[in-house]
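Structural features, examined
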Amino acid sequence: MRRRRGVFAAAVAAAAVAGLAATSMASAGAFETGSRPAHDKTLQAGLDALVKPGGVADGLLPGALMSVRNPDGRVTNYTAGVGDIRTKSKVPTDGYVRIASNTKMFVSVAVLQLAGDGKLALDDTVEKHLPGVVRGTGAGAAIDGRNMTIRQLLNHTSGMTRAMPLMPNGILPIKDRYFEARELLDAALAEAPTFAPGQDRVWEYSNAGYVLLGLVTQKVAGRPLAEVITDQIINRIGLKETYYPGPGDRDIRSPHPRGYLTATDAEGKPIPGKLTDITRFDPSIAGAAGQMIATPSDVNKFLVALQAGQLLKPQQLAEMRKTITAPGFPESWTYGLGVIGMKLSCGVMAYGHGGDADGFQSRTAITTDGRAVTLAVTNDEAGRGEVLAFFDKALCATK
């Protein structure tokens, strides 16, 4: 999750890139079966092109890692570039990365599980579960929890601001600061709403809306959000390499590549070819909108379990995938309840999300026939169009 951004930048270049990779392995377990798969050379070449100095991203993507899971359960992991620009170490195969706004899928599942258990309804007002909490003080029409539903928060039609007011100058000045969820919400409520909740299904991506959903989940479940996600999702389907960082946890579990920002001068202008290491920071500034960390293969396991009905009842999964127009996203994309519907260039439908945390951008989705791809690169600001084009190609590939 990044200041003044949603999951993806509004303008996405239609770059034609093919590729990915480095190291391959088939993991044993409930989600991986079959023999050791071979790398797709076209995907490897495309991934190499993303990180090549002087290439499509101007050399500002030091490393990339991707995991591909075929419908038959075979898993292939790819890497390219370097994991550390100082030591020139390799990108760790299937290493941990900050998955940022992919966290929204996990929060949505937690909310939909509560709905499936009859503990809340998607059309409940926020006021019902957090009485008196949501009273906006920003200019214009104040946002009010009495006029806002859980569904509107989930699909970004609540009108909650997209601004991140506690991060006005980027991550560096506040990288070691810890933020409580209520502090994030109160700052957002001081901003003017983008529009009235549900107004003609107007859509605007809002991280603040998911911070609020995290508080709703905690109130209804009676337990901290991180515990709910850990118990009801991570442990339930055996995700060994996915976690919600605890208070004060600024590091990433090993192995992991390092994450970078494009360096800027005193006036905030990019310095060509220069990067700043931002691997270590406190992700509480993102909270329920983007705090989680995982490996690419584990995110794919989550997508497979979700699609297979291991996390949600059929009615709730159908609600999750009921999408609406999402202005600013690629034209073929729509937004559901914490999930993006992606019509791929090959005509196939996929569902997933993406995330931009300082230092990492990641894209993840599963096609309706069960091919899952999670791609991460180690600079969240560079090569966005090229990364998306390659992600589309990896999902459409057959190996």
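What this report covers is the structure whose coordinates are included nearby. Just so we're clear, the structure is a prediction, and the values are computed from it rather than from any experiment. (Residues numbered from 1 in each chain as written. Predicted model: local features only at pLDDT ≥ 70, side-chain atom pairs only at ≥ 80, totals over all residues. Heavy atoms only, no water.)

**Some points on the sheet that holds strand β2 (residues 75–81)**
Backbone-to-backbone hydrogen bonds join strands into a sheet, with any given pair of strands oriented parallel or antiparallel. The strand order β2-β1-β13-β12-β11-β10-β9-β8 describes an open sheet built from 8 strands, whose pairing is antiparallel. The sheet is open, and its two edges are formed by β2 and β8 (324–325), each paired on a single side. Pairing between strand β1 (residues 63–69) and strand β13 (residues 372–377): 6 bridges, direction antiparallel. Across the sheet, Met-66 pairs through a bridge with Leu-375, a residue of β13. Contacting β1, β9 (333–335), β10 (340–343), β11 (349–357), β12 (360–367) and β13, helix α10 (residues 384–396) runs over the sheet at an angle of about 25° to β12. (Pairing = 2+ DSSP bridges. Helix = DSSP H or I, 4+ residues; strand = E, 2+ residues; numbered from the N terminus. Contact = heavy atoms within 4.5 Å. Axes fitted to C-alpha atoms, helices over the stretch in contact; angles between N-to-C directions.)

**Looking at the sheet that holds strand β7 (residues 293–294)**
Spatial strand order, β3-β7-β4: 3 strands in an open sheet with antiparallel pairing. Only two strands of the sheet have a single neighbouring strand rather than two, namely β3 (97–98) and β4 (242–243). Judged from the 2 bridges that link them, β4 and β7 form a sheet pairing that is antiparallel. Paired with Thr-242 across the two strands is Ala-294, which belongs to β7.

**Brief notes about the packing of aromatic side chains**
The description of an aromatic ring pair uses the distance of the two centres, along with the angle that the planes make with each other. Counted under the stated rule, the structure contains 9 aromatic pairs. On the basis of an interplanar angle of 55° and a centroid distance of 6.4 Å, the ring pair of Trp-203 and Tyr-205 is categorised as tilted. Judged on exposure class, the residue Trp-203 and its partner Tyr-205 are both buried. Ring geometry for Trp-203 versus Phe-329: centroids 5.2 Å apart, planes at 70°, classification edge-to-face. (Phe/Tyr/Trp six-rings, centres within 6.5 Å; stacked < 30°, edge-to-face > 60°. Buried < 20%, exposed > 50% of the residue type's maximum accessible area, 1.4 Å probe, protein only.)

**Points about the state of the cysteines**
Counted according to the given criterion, the structure contains 1 disulfide. A disulfide bridge connects Cys-346 with Cys-396, and the sulfur atoms are separated by 2.1 Å. Taking the sign of the S-S torsion, -80° for the link of Cys-346 and Cys-396, the bridge is left-handed. On the criterion of sequence distance, the pair formed by Cys-346 in the loop between β10 and β11 and Cys-396 in helix α10 is long-range, its members being 50 residues apart. On the basis of relative accessibility, which here comes to 22%, the residue Cys-396 falls in the partly exposed class. (Disulfide = S-S within 2.5 Å.)

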